[in-house]
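So you can see what is in the structure, the chains are spelled out below.
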Amino acid sequence: TLFTHAARSAFASEFIALCHQSDSSHSRAEATIVDDDSIFKHWFADEVQGEYFAKFFSGQVQRTVYGFCVNLAGMVIKNTFYPLVFSLVKRSEQSKDILQANLIEIKTYLDSLIEQANKKKDSQIQLPHLYLSVDSGLSGPDIINWCEGNGITFIGVADKTHVFKT
């Protein structure tokens, strides 16, 4: 979409500039992937529910509400958020599955930016150290394991029902 193209264009130049800097600059920039979903609550429960307008659990009010669920994923670099993936969530979809798909899409996009930059320049750049920040509703062993396998540091709040083994 036009929104995605414009957001990714602004992000790409900042990201490649960061990749050309030293490791200490990478850590100060705190390149962090952020993913969260939000419920746009509607009070007209008599409306016909469909794929997108449905009953969703809202962490904000700690109960199910009627509305639309949207998911936004992107990256923060030097305190600036760059949206990279925006989607409406279907009633049948799980937030953790969307997060997993977003992570794969973002990681593939970042790898392609590095590859394109390395074709243009004599010097080779690498992906800086990345972090992932999610709330307790999206954290869990599958996401943590995916992050570990992809060299990404997981930052999240464990739900009281999660048991982590070291």
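One can find the structure itself at the top, above this paragraph.
First, a word on what this report is: a plain description of the structure on this page. (Residues numbered from 1 in each chain as written. Predicted model: local features only at pLDDT ≥ 70, side-chain atom pairs only at ≥ 80, totals over all residues. Heavy atoms only, no water.)

### A short note on the overall build of the protein
Logical step 1: Helix and strand counts for the protein stand at four helices and six strands.
Logical step 2: Reading the secondary structure of the protein in the N-to-C direction produces α-α-β-β-β-β-α-β-α-β.
Logical step 3: Summarising the internal contacts of the protein: among those between residues at least 6 apart in sequence, 57% fall at separations of at least 24.
Logical step 4: In the form shown here, the protein has an accessible surface area of approximately 10100 Å², with 53% of it arising from carbon and sulfur atoms. (Helix = DSSP H or I, 4+ residues; strand = E, 2+ residues; numbered from the N terminus. Contact = heavy atoms within 4.5 Å. Areas by Shrake-Rupley, 256 points an atom, 1.4 Å probe, with all protein chains shown as cover.)

### Looking at the pairing of strand S4 (residues 80–89)
Two faces belong to every sheet, and in a regular strand the side chains alternate between them.
Logical step 1: By the bridge criterion, nine bridges tie strand S3 (residues 63–77) to S4 in an arrangement that is antiparallel. Within S4, the position partnered with asparagine 71 by the bridge is serine 87.
Logical step 2: Linking S3 back to S4 in an antiparallel pair, the connection comprises two residues, with lysine 78 at a positive phi of about 50 degrees. (Pairing = 2+ DSSP bridges.)

### Brief notes about the nonpolar core
In globular proteins that are soluble, nonpolar side chains generally tend to be buried together.
Logical step 1: By size, the foremost hydrophobic cluster in this structure holds 32 residues, and its most contacted members are Phe11, Phe15, Ile33, Met75, Ile77, Leu110 and Leu132.
Logical step 2: For this core, the secondary-structure elements that each account for two or more residues are helix H1 (2–19), S3, S4, helix H3 (95–120), strand S5 (130–134) and helix H4 (141–149).
Logical step 3: With eight residues, the top contributor of residues to this core is H3.
Logical step 4: Dropping the residues within four chain positions of it, isoleucine 77 is found in contact with Phe11, Glu14, Phe15, Leu18, Ala29, Ala31 and Tyr82.
Logical step 5: Ranked by size, the runner-up nonpolar core spans five residues in total, among them Ala54, Phe56, Val89 and Ile98. (Core = buried A, V, L, I, M, F, W, Y, C linked by side-chain atoms within 4.5 Å. Buried < 20%, exposed > 50% of the residue type's maximum accessible area, 1.4 Å probe, protein only.)

### Thoughts on the environment of tyrosine 66
Logical step 1: Among the structural elements, tyrosine 66 can be located in strand S3.
Logical step 2: Tyrosine 66 gets classed as partly exposed once you look at its relative accessible area, which sits at 21%.
Logical step 3: Expressed as a C-alpha distance, the spacing of tyrosine 66 and phenylalanine 53, which sit 13 residues apart in the sequence, is 7.1 Å.

### A look at the packing of aromatic side chains
Logical step 1: Applying the stated criterion to the full structure yields five aromatic pairs.
Logical step 2: A centroid spacing of 5.6 Å and a plane angle of 65 degrees characterise the contact between phenylalanine 11 and tyrosine 82, whose relative ring orientation is edge-to-face. Residue phenylalanine 11 is found in helix H1, and its partner tyrosine 82 is found in strand S4; the two are separated by 71 residues along the sequence. We note that phenylalanine 11, like tyrosine 82, is buried.
Logical step 3: Here the aromatic rings of phenylalanine 53 and tyrosine 66 are separated by 6.4 Å at their centres, their planes lie at 25 degrees, and the arrangement is stacked. Remark: tyrosine 66 occurs in strand S3 and phenylalanine 53 occurs in strand S2 (residues 53–58); sequence separation between them is 13 residues.
Logical step 4: We classify phenylalanine 53 as buried; its relative accessible area is 7%.
Logical step 5: Following the ring pairs from residue to residue traces out a cluster consisting of Phe11, Phe15, Tyr82 and Tyr109.
Logical step 6: Above the ring of tyrosine 109, the side-chain terminus of arginine 8 is found at 4.4 Å from the ring centroid. (Phe/Tyr/Trp six-rings, centres within 6.5 Å; stacked < 30°, edge-to-face > 60°. Lys NZ or Arg CZ within 6 Å of the ring centre and 35° of its normal.)

### Concerning the environment of proline 83
Logical step 1: Residue position: proline 83 is located in strand S4.
Logical step 2: We classify proline 83 as buried; its relative accessible area is 18%.
Logical step 3: Between the C-alpha atom of proline 83 and that of leucine 72, which follows or precedes it by eleven residues, the distance is 6.9 Å.
Logical step 4: Here proline 83 is in contact with Phe3, Ala7, Leu72, Ala73 and Gly74, once residues within four sequence places are set aside.

### Describing the pattern of salt bridges
Side chains that differ in sign of charge can pair as their charged atoms come close.
Logical step 1: Inspection of the entire model under this criterion finds five salt bridges.
Logical step 2: For glutamate 115, the salt bridge is made with lysine 119, and the minimal N-O distance between the two is 3.6 Å. Pair noted here: glutamate 115 and lysine 119 are both in helix H3, with a separation of four residues, about one helical turn.
Logical step 3: Using a relative accessible area of 67% as the deciding quantity, one classes lysine 119 as exposed. (Salt bridge = Lys/Arg side-chain N within 4 Å of Asp/Glu carboxyl O.)

Shape descriptors only; they carry no functional weight alone.
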